[in-house]
Amino acid sequence: MYLLAIHGSPRKNGNTEILLDYFLKGINQEFISFEKIRLSELKYQPCIECGECETKGECVLEDDFKELYYKIFKADFIVVATPIFFYSHTSYVHAFFERFQALWARKYILKLPHPFNKKPKGILLGLGGTKGKKLFECVIRSFKYVLDAVYGIYLGGLFFRGIDKRGEILNYPEYLELARDVGFKLSTLPEKEILESPEKLNLNTNSTP
Ligand SMILES: Cc1cc2nc3c(=O)[nH]c(=O)nc-3n(C[C@H](O)[C@H](O)[C@H](O)COP(=O)(O)O)c2cc1C
């Protein structure tokens, strides 16, 4: 099994990355291999709406996403970790999401199956500086649509409020342990059990968590 972990904050070793790293620490690599991608280190553009993917079945932009598409296709799990910027995910994550348009076109216009017959399972790790009630609604909704483009399934996420200053999440070891535990459970519970009872991962499955 292969897990693609997307780090969506521009801040290296910031709160989101610390949280994601704990999640990854929990993974038993005997069962799941993973790769962490820092979007801020890639060279890629948002979708330019050229429409080429609607006939070619693939994105024609020449950038680092070429390799990322392959990783998305082979992923059994896609984990997106993002801080909240203006009530949404970061622009890095948004551009990442937009590039799924080529995969949406493959599925819905060209009626092509998933190239490796996968149904990737998606997990969100989100945090924000304030206590806003609806802080995570936008990213959850977007991610669900993104996953749908690759025949994927949203399992849920971990969401934390009131985390603002650099490294502030370290003051909440219980949040980090929760993330580590999700990683551990994800890699050790049978896939069937996860799909039938995703609550066993202790993820929040609400659309307004
Ligand atoms: C451009 C920008 C916009 C932000 N917008 C919000 C917001 O709308 N709501 C909120 O709760 N926090 C907001 N924040 C605070 C971040 O979510 C918070 O500082 C977070 O801990 C940053 O995580 P990081 O260290 O992984 O980058 C914003 C921060 C920045 C830099």
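Quick caveat: nothing in here was measured; it's all calculated off a predicted structure.

Here the focus is the UniProt feature "domain: NADPH-dependent FMN reductase-like" (unreviewed entry) in the protein chain. Per the UniProt record, "domain: NADPH-dependent FMN reductase-like" (unreviewed entry) is annotated on residues 1-131. Counting secondary structure, residues 1-131 comes out at 31% helix and 20% strand; the distance between its end C-alpha atoms is 36 Å.

Quick look at the site of the ligand now. Near the ligand, the surroundings consist of 19 residues, among which Gly14, Thr16, Pro83, Gly128 and Gly129 are the closest. For the shell around the ligand, the class distribution of residues is 8 nonpolar, 8 polar and 3 charged.

Glancing now at helix H6 (residues 137-149). Note that an α-helix has 3.6 residues per turn; residues three or four places apart therefore point the same way. For H6, with 13 residues, the first-to-last C-alpha span of 19 Å sits near the 18 Å given by 1.5 Å per residue. Every buried residue of H6 is listed here: Val139, Ile140, Phe143, Val146 and Leu147. Burial along H6 is one-sided: seen end-on, the buried residues are contained in an arc of 130 degrees. Elements that come into contact with the buried residues of H6 comprise strand S3 (77-83), helix H4 (91-98), strand S4 (121-127) and strand S5 (153-160).

Here we come to the packing of helix H1 (residues 15-25) against helix H7 (residues 173-188). The N-to-C vectors of H1 and H7 enclose an angle of 40 degrees; their axes lie 6 Å apart at closest approach. Relative to H7, the element H1 lies oblique. Handedness of the crossing formed by H1 with H7: right-handed. Contacts between H1 and H7 pair Leu19, Tyr22, Phe23, Leu24 and Lys25 from the former with Leu176, Ala179, Arg180, Val182 and Gly183 from the latter. Looking at side-chain class alone, the contact of H1 with H7 contains 7 nonpolar, 1 polar and 2 charged residues.

Calculation notes
- Residues numbered from 1 in each chain as written.
- Predicted model: local features only at pLDDT ≥ 70, side-chain atom pairs only at ≥ 80, totals over all residues.
- UniProt positions renumbered as here; feature names shortened; annotations may be inferred.
- Helix = DSSP H or I, 4+ residues; strand = E, 2+ residues; numbered from the N terminus.
- Near = placed C-beta within 6 Å.
- Nonpolar A, V, L, I, M, F, W, Y, C, P; charged D, E, K, R; others polar.
- Expected span 1.5 Å × (residues − 1).
- Buried ≥ 20, exposed ≤ 12 C-beta atoms within 10 Å, placed from the backbone.
- Arc of directions from axis to C-beta.
- Contact = placed C-beta atoms within 7 Å.
- Axes fitted to C-alpha atoms, helices over the stretch in contact; angles between N-to-C directions.
- Parallel < 35°, antiparallel > 145°, perpendicular 65-115°, else oblique.
- Left-handed = near helix turned anticlockwise from the far one by under 90°.

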